Amino acid sequence: MADSSFDIVSKIDRQEVDNALGQTAREVATRFDFKGTGATIEWKGDDAIEITASADDRASAVLDVFQQKLIKRGQSLKILEAGEPRPSGQQSKIGIALKEGISSENAKKISKLIRDEGPKGVKAQIQGDELRISSKKRDDLQAVQALVKAQDYDFAVQFTNYR
């Protein structure tokens, strides 16, 4: 019987992030407490978002609304790397970077965890920015998924390609 396997990845659903950004922009445009603050949220390139407002607290409030919209859309907040509000002329700006992919040191951490605490006979291979886990038994793979979910990593973790 062939090995069963799955991949551990850290991917961003760009469509969901774009939808959350659109919802946030609409809410900021219509909410009373954002009137006259010049608060906006927009894409800055392919993998960054910028929030602009007249004051630090208003920019932070827009970030909070954006995070709530992401949670409602089933996205992890670990994909965001928000900076501190910084003054820019009359306005305050917050830059948000989107994190995607598993770095090699994080992949090594997960691989070591699986080797040390996971069931015997489970193999972990690092393939670029993802991790392929394989085993003869599907039950072992499910145990590994539970083990990885129980850990609190600083990046979002998804399981794909389960065969």
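All figures in this text were calculated on a predicted structure; none of them were measured in a lab.

### Description of the environment of Ser134
- By the element assignment, Ser134 lies in strand 8 (residues 130–135).
- When the C-alpha atoms of Ser134 and Gly121 are compared, they prove to be 8.6 Å apart, with 13 residues separating the residues in sequence.
- Filtering out sequence-adjacent residues up to four positions away, Ser134 remains in contact with Asp3, Ser4, Ser5, Gly121, Val122, Lys123 and Leu141.

### Considerations on the sheet that holds strand 9 (residues 158–160)
- Taken together, four strands build an open sheet; the order of strands is 7-8-1-9 and the sheet is antiparallel. With one partner strand each, in any of the chains shown, strand 7 (123–127) and strand 9 form the two edges of the open sheet. When the angles between neighbouring strand axes are averaged without regard to direction, this sheet yields 30°.
- When strand 1 (residues 4–9) meets strand 9, the two strands line up antiparallel, connected through three bridges. In the strand pairing of strand 9, Val9 is matched with Gln158.
- Strands in contact with helix 3 (residues 104–117) are strand 1, strand 7 and strand 8; relative to strand 8, the strand with the most contacts, it is inclined by about 20°.
- Lying on the sheet, helix 4 (residues 138–150) is in contact with strand 1, strand 8 and strand 9; it crosses strand 1 at an angle near 15°.

### Some thoughts on the domain arrangement of the chain
- Assigned domains of the chain: these are domain 1 (4–10 + 102–160) and domain 2 (14–98).
- When each unit is reduced to the centre of its C-alpha atoms, the spacing between domain 1 and domain 2 is 33 Å.

### Observations concerning the packing of helix 3 against helix 4
- Two numbers describe how helix 3 lies on helix 4: the axes approach to 11 Å, and their chain directions differ by 125°. The angle between the axes of helix 3 and helix 4 places the two elements in the oblique class. By crossing handedness, the relation of helix 3 to helix 4 is classed as right-handed. Between helix 3, through Ile110, Leu113, Ile114 and Glu117, and helix 4, the contact on the second element is made entirely by Val144, Leu147 and Val148.
- A class-by-class count of the residues in the contact of helix 3 with helix 4 yields six nonpolar, no polar and one charged.

Calculation notes
- Residues numbered from 1 in each chain as written.
- Predicted model: local features only at pLDDT ≥ 70, side-chain atom pairs only at ≥ 80, totals over all residues.
- Heavy atoms only, no water.
- Helix = DSSP H or I, 4+ residues; strand = E, 2+ residues; numbered from the N terminus.
- Contact = heavy atoms within 4.5 Å.
- Pairing = 2+ DSSP bridges.
- Axes fitted to C-alpha atoms, helices over the stretch in contact; angles between N-to-C directions.
- Domains from an automatic or database assignment.
- Parallel < 35°, antiparallel > 145°, perpendicular 65-115°, else oblique.
- Left-handed = near helix turned anticlockwise from the far one by under 90°.
- Nonpolar A, V, L, I, M, F, W, Y, C, P; charged D, E, K, R; others polar.

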